[in-house]
Amino acid sequence: MPEWVAAGLWGLAAGSTLVVGAAVAWLVRVPARVVAAVMAFGAGVLIAALSFELVDEAARTGGLAATAGGFLAGALAYVAANIALSRRGARHRKRSSGLQPSEEQHAGSGTAIAVGALLDGVPESVVLGLSLHGGGVGVTVLAAVAISNLPEGLSSAAGMKEAGRSARYVFGVWAAIAAASGVAALLGRAALADASPQLIAVITAVAAGAILAMVADTMIPEAFERAHLYAGLLTTLGFLTAFVIDRV
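Residues numbered from 1 in each chain as written. Predicted model: local features only at pLDDT ≥ 70, side-chain atom pairs only at ≥ 80, totals over all residues. Heavy atoms only, no water.

Describing the side chain of Ser 181
The condition is simple: Helix and strand definitions here come from DSSP, where helices need a minimum of 4 consecutive H or I residues and strands a minimum of 2 consecutive E residues; each element is numbered from the N-terminal end. Contacts were defined at the residue level, with two residues in contact if any of their heavy atoms lie within 4.5 Å.
Mapped onto the elements of the fold, Ser 181 is located in helix H6 (residues 167-191). In this structure Ser 181 touches Gly 11, Gly 15 and Ser 125, once residues within four positions along its chain are discounted.

Focus on the UniProt feature "transmembrane region" (unreviewed entry) in the protein
Put simply, the rule is: UniProt positions are given in the numbering used here, feature names are shortened, and annotations may be inferred rather than shown by experiment.
In this structure's numbering, the residues bearing the UniProt feature "transmembrane region" (unreviewed entry) are residues 6-27, 34-52, 64-85, 169-192, 198-215 and 227-245. From the first C-alpha to the last, residues 6-27 spans 32 Å; its make-up is 100% helix and 0% strand. Helix and strand shares over residues 169-192 are 96% and 0% respectively, and the end C-alpha atoms of the span are 34 Å apart.

Considerations on helix H8 (residues 231-247)
Rule in force here: Take the number of residues in a helix, subtract one, and multiply by 1.5 Å to get its expected span. Only protein chains enter the accessibility calculation, which uses a 1.4 Å probe. A residue is then buried if its area is under 20% of the maximum for its type, exposed if over 50%, and partly exposed in between. The arc under discussion is defined with respect to the helix axis, by the directions toward the C-beta atoms.
Under the 1.5 Å per step criterion, the end-to-end length of H8 is 24 Å for 17 residues, consistent within 8% with the ideal 24 Å. All buried positions along H8 are accounted for by Ala 231, Gly 238, Ala 242 and Asp 246. The arc that holds the buried residues of H8, viewed along the axis, is 75°, so those residues lie on one side. Seen from the buried face of H8, the exposed residues on the opposite side, beyond 90 degrees, are Leu 233 and Arg 247.

As for the confidence of the model for the protein
Put simply, the rule reads: As a per-residue quantity, pLDDT reports the predictor's confidence and falls between 0 and 100.
Averaged over the protein, the pLDDT score is 80; the fraction of residues at 70 or greater is 85%. Across the protein, the secondary-structure element scoring lowest on mean pLDDT is helix H4 (residues 109-130), at 70, and the one scoring highest is H8, at 89. Taken as a whole, residues 105-110 scores under 50 in pLDDT and shows 16 contacts with residues more than four places along the chain or in a different chain.

Details of the nonpolar core
Inclusion rule: Working definition of a nonpolar core: buried Ala, Val, Leu, Ile, Met, Phe, Trp, Tyr and Cys residues. They are joined through side-chain atoms within 4.5 Å.
Ranked by size, the top nonpolar core spans 28 residues in total, and within it Leu 46, Leu 54, Ile 211, Val 215 and Met 219 carry the most contacts. Mapped onto this core, the elements with two or more residues apiece are helix H2 (32-62), helix H3 (64-90), H4, helix H5 (139-162) and helix H7 (197-227). Residue contacts for Leu 54: discarding those within four places in its chain leaves Ala 49, Val 127, Val 141, Thr 204, Ala 208 and Ile 211. Judged by nonpolar contacts, the second largest core, of 11 residues, contains Ala 22, Ala 157, Trp 174 and Ile 177.

Details of the packing of aromatic side chains
What counts here: When the centres of two rings from Phe, Tyr and Trp lie within 6.5 Å, Trp using its six-membered ring, the rings pair. Their planes under 30 degrees apart give stacked, over 60 give edge-to-face, and anything left gives tilted. For a lysine, the NZ atom is tested; for an arginine, the CZ atom; a charge sits over a ring if that atom is within 6 Å of the ring centre and within 35 degrees of the ring normal.
Scanning all chains against the criterion turns up three aromatic pairs. Relative to Phe 239, the ring of Phe 52 has its centre 5.6 Å away and its plane inclined at 65°; by these criteria the two rings are edge-to-face. Separated by 187 residues along the polypeptide, Phe 52 in helix H2 and Phe 239 in helix H8 bring together distant segments of the chain. Classification of Phe 52 by relative accessible area gives partly exposed; the value is 25%. Look at Phe 239 and you get partly exposed, because its relative accessible area is 29%. Between Phe 52 and Phe 243, the ring centres sit 5.0 Å apart and the planes meet at 55°, which makes this aromatic pair tilted. Taken together, the residues Phe 52 in helix H2 and Phe 243 in helix H8 connect sequence positions 191 residues apart. Phe 243 sits in the partly exposed class, given a relative accessible area of 28%. Three or more aromatic residues joined by ring pairs form one cluster here, namely Phe 52, Phe 239 and Phe 243. Residue placement shows Arg 247 over the ring face of Phe 52; its charged tip is 5.3 Å from the ring centre.

Here it is in C-alpha cells:
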C-alpha cells in the first residue's frame, strides 16, 4: 500500500474518535468531571507526543534555529486564527458547560465552531502523516491524536447539544472533521514524501507549535474548569503514558 494511502487511513482512524466521543455525548449524559478528566489526560498525551516525537526530532534533523522559528510561527498562526474565530462565536467550542452560543445568540457561530474544530485537527493530522516510516505509523503520535480526539468530540458535542444544535449538525461536523483529518494526513505525506529533512523538520515544528497553543487555549481551560483539583495529576499521567509508549 502506498504510504500516502496509509497516511490517509491512519488519519481517518484517529479522527474517527471525534465521532465516537460525539456519539457518547449525544446518547449518554456523561458527568462534566469525567469529560474534564479525560480532557486533562489527553492534553498530557499530546504534550508528550509533541515534545518527544515532534520537536525533538525536528531539532535533530533541521537544527535548533529552524525548529524554534517554526515552532513559534505555528503558535502565532494558531493564536491569530483562534482569535478571529473566537470573535465569531467559536471561543468555547470545546466547552461542555453551556458556554457555547446558539445560532440565535450569535449568528454564524455554527460555522465558526465547525471551522475552529477543523483548525484544531489539521496540524495533528499533518504530523501523523509525516510520522509514517516504511508504511508504519508513529505509534506515539497516533495514540496522542486518537486519545485527545475522544474528549474533544465528547466535550464539544455536549456543548453543541446544550446550545440546541441538531444531531445532523453535530454529527455532520465531526464526520466532516474526521474525513478532513484523513485528507490532511494523506496530503501531508503525499506532498512531502520527497521533501528534504530540513523542510519536514520546519513543517513538523510549525504543527507542534500550533498543537501546543491549541492545548493551552482550548483543552486545558476545559479540564481545569471541572477537574481543577486533579487536572495537574491527570495531565501528568497522560504525559507519562505517552512517554512510556514512545520508549517501549
